[in-house]
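Here is what each chain is made of, one letter per residue.
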Amino acid sequence: MDPKWNEDLPIYRQLRDRVVAMMLEGVLNDGDALPSVRNVAAEYRLNPLTVLKGYQELVDEGLVEKKRGRGMFVTEGARKQLLKDERRRFIDKEWPLVVATIKRLRLNVDELLKEIGEPKSSAGSKEELQGD
Amino acid sequence: MTSLVSARNVTKNYGSVKAVDNVSFEIEKGRIMGLIGPNGAGKTTLLKALLGLTDCQGSLSVLGLDPFRQRKELMQNICFIADVAVLPRWIRVNQLLDFLQTIHPRFSRSRVDELLARTKIRPKAKVRELSKGMVTQLHLSIITAIDAKLLVLDEPTIGLDIIFRKEFYANLLNDYFDEERTIIITTHQVEEIENLLSDVMFINDGRIVLDASMEDLPGQFVELMTSGENADTARHLNPIYERDVFGQKVLTFEGVGRDKLSGLGELRTPDLADLFVAKIKGAGA
C-alpha cells in the first residue's frame, strides 16, 4: 500500500508525524522497535536518507532512541511526553483556528459540545489527564 | 576525494551532432542520482561514456579510473541494466549463473540463488521463456549478487507492469543499496523515482540544465498559484515558466525567495515532473 504524501510538507516530516500518530494511537508503545530504515525505504520507495532524517527528528525530540547495532526504539515515557506536547500544540496552534472557524460559521458551541460530549470519550480523556 | 564520478568538460560528438556538450559534474558515493531528459537529450551517450562503452573528450573519472582506457578494472566494480534486454534469450538461468561465476570475481552464487528462490524464476527456464518482468527480476538479482560499488540503470522498468515496477525499486533498496553504494538511474517515469533520489540532474540537448540535491530543491525553486493582478506583480520577478491550471496561473521561480512571493498566492515546491517541464520548456521560450 502506498501512502499519499502531502506536497506542502517534506516527506521526512510526514514520516515523523506518522510515527508520532502511531505512538498516540498506541500502535507503537514505549520500548517497541521501529521498523528498520531499509525496510521503510523499500516499502515506500523512499531514499533511505529521507527515512533516516525522519527518524533523526524523533531522536532529537527524545521520543526515539538509537541502540547501537540494534536499531531504533521508542523511548520509555515517550507516549506520555507526546500527549503533553500534542495537547499543548493543539491548544496553541489548532484550537485558535477551530475557534475562528466556529465564529466565522456562527456555529452553536453548546450544540457542538453536546455532539462530542459522549460519556465514553470524556471518561477516556479524564483518564489520560490523570496520567500526567 | 569523495567523488565517485567526476566529469570535467566532457563532450561527445557524433559527426556534427553534439550528443554531450561540455558537461561537468560530480557524484558522491552513497547517493542515488536521477538523470532525466527528453528523448535524444544525451542521457544514454553520457551513461555509455561513464561505462567506458564510448570514448569522449574532456576528463572523466569513475571510481578513480578512466572508464574507456581502464574498462576491464572498472567492470569489476560497476553494474549496468540497459533499457534493452541484454541477457541472451537462448540460455538457461542456471547456465547463465554458472557462466557468471566463472567470469566475474565478485559474483556470489549463493546470494543470487537466495534472491531467485523468492521469485517464480526456475533455474531450468530459458531466458526467452521468461516474461519481460521476470527477465528484469533476473537481471536485478544477478546485479545485486555482484558486490559492485556503482550501479547504472537505464530505463530499468520500461515496459513493466506496475507490480513489477514497485517490486523492482523495493528490491533495489532492500537488497542492493547501502551507504557504500551508488546508483545512477534514468527514466521517463519521474514520479515513480522522485522520492527515491538524493540528487537529480536534468539534461537537454547534451547540456546539463539542472544539477541539484533533492534536499536543496525547495530552497531553489518555488511555484506560485495565483491570478489577476497578483500574477502581473509576480511576473516582474522573472518566473522561468508559466502555465494555466483551472483558470489559475502557475508561475515557477528559480532563486526567488518565498518571502518575496508569499503575499501573492499559494506557494509550493514543484514536483520533479513540473520542474522538468519548467526548466526544459522555459529555457526554450
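Here the residue index of a chain counts from 1 through its sequence in written order. Here every chain gets a letter starting at A, and every ligand a number starting at 1, in the order they are written. This being a predicted model, a pLDDT of at least 70 is required before a residue's local features are given, and a value of 80 or more before pairs of side-chain atoms are given or counted; all residues contribute to the totals for chains, interfaces and linings.

Bringing the pairing of strand β10 (residues 221-226) of chain B into the picture now. Residue and element names in this part refer to chain B. Residues with at least 20 other C-beta atoms within 10 Å of their own are called buried, those with 12 or fewer are called exposed, and the rest are partly exposed. The C-beta atoms themselves are positioned from the backbone. Where helices and strands are cited, they refer to DSSP runs of H or I of at least four residues and of E of at least two residues respectively, numbered from the N terminus. Most of β10 sits inside the fold, with 5 of its 6 residues counted as buried. A pair of strands is considered paired only if DSSP assigns at least 2 bridges between the two. Looking at chain direction, β10 and strand β12 (residues 248-254) are connected through 6 bridges and run antiparallel. Bridge pairing links M225 to V250 in β12. Across 3 bridges, the pairing between β10 and strand β13 (residues 266-268) is antiparallel. Each bridged residue has a counterpart across the sheet, and for M225 the counterpart in β13 is E266.

Residues and elements named next belong to chain B. Source of the domain bounds: an automatic or database domain assignment. In terms of domain boundaries, chain B breaks down into domain 1 (3-205) and domain 2 (216-284). Placing the centre of domain 1 and that of domain 2 at their C-alpha centroids yields a distance of 34 Å. A pair of residues counts as a contact when their C-beta atoms, built from backbone coordinates, are within 7 Å of each other. Contacts between the two partners involve 8 residues from domain 1 and, on the opposite side, 6 residues from domain 2. Every element with two or more residues in the side of domain 1 that touches domain 2 is listed here: α7 (190-193) and β8 (199-204). Sort the elements by how many residues they give to the side of domain 1 that touches domain 2 and β8 lands first, with 3 residues.

This brings us to the sheet that holds strand β2 (residues 17-28) of chain B. Residues and elements named next belong to chain B. The sheet built from 3 strands is open, its strands ordered β2-β1-β4 with antiparallel pairing. The two strands at the open ends of the sheet, each matched to only one other strand, are β2 and β4 (57-62). Taken pair by pair, the neighbouring strands of this sheet meet at an average axis angle of 15°, ignoring direction. To obtain an axis, a line is fitted to C-alpha atoms, over the contacting stretch when the element is a helix, and the angle between two such axes runs from 0 to 180 degrees between their N-to-C directions.

In this assembly, 13 residues from chain A lie in contact with 12 residues from chain B. At the level of secondary structure, the elements contributing two or more residues to the side of chain A that touches chain B comprise α2 (37-44) and α3 (48-60) of chain A. For the side of chain A that touches chain B, the leading source of residues is α2(A), giving 4 residues.

Attention shifts here to the sheet that holds β13(B). Residue and element names in this part refer to chain B. With antiparallel pairing, 4 strands are arranged side by side in an open sheet as β11-β12-β10-β13. Single-partner strands in this sheet number two, and they are β11 (241-245) and β13. Taking each pair of neighbouring strands and ignoring which way they run, the sheet shows an average axis angle of 25°. Pairing geometry for β11 and β12, over 5 bridges, is antiparallel. Bridge pairing in β12 places V245 opposite Q248. Seen against the sheet, helix α9 (residues 228-235) touches β10 and β12 and runs at an angle of roughly 150° to β10.

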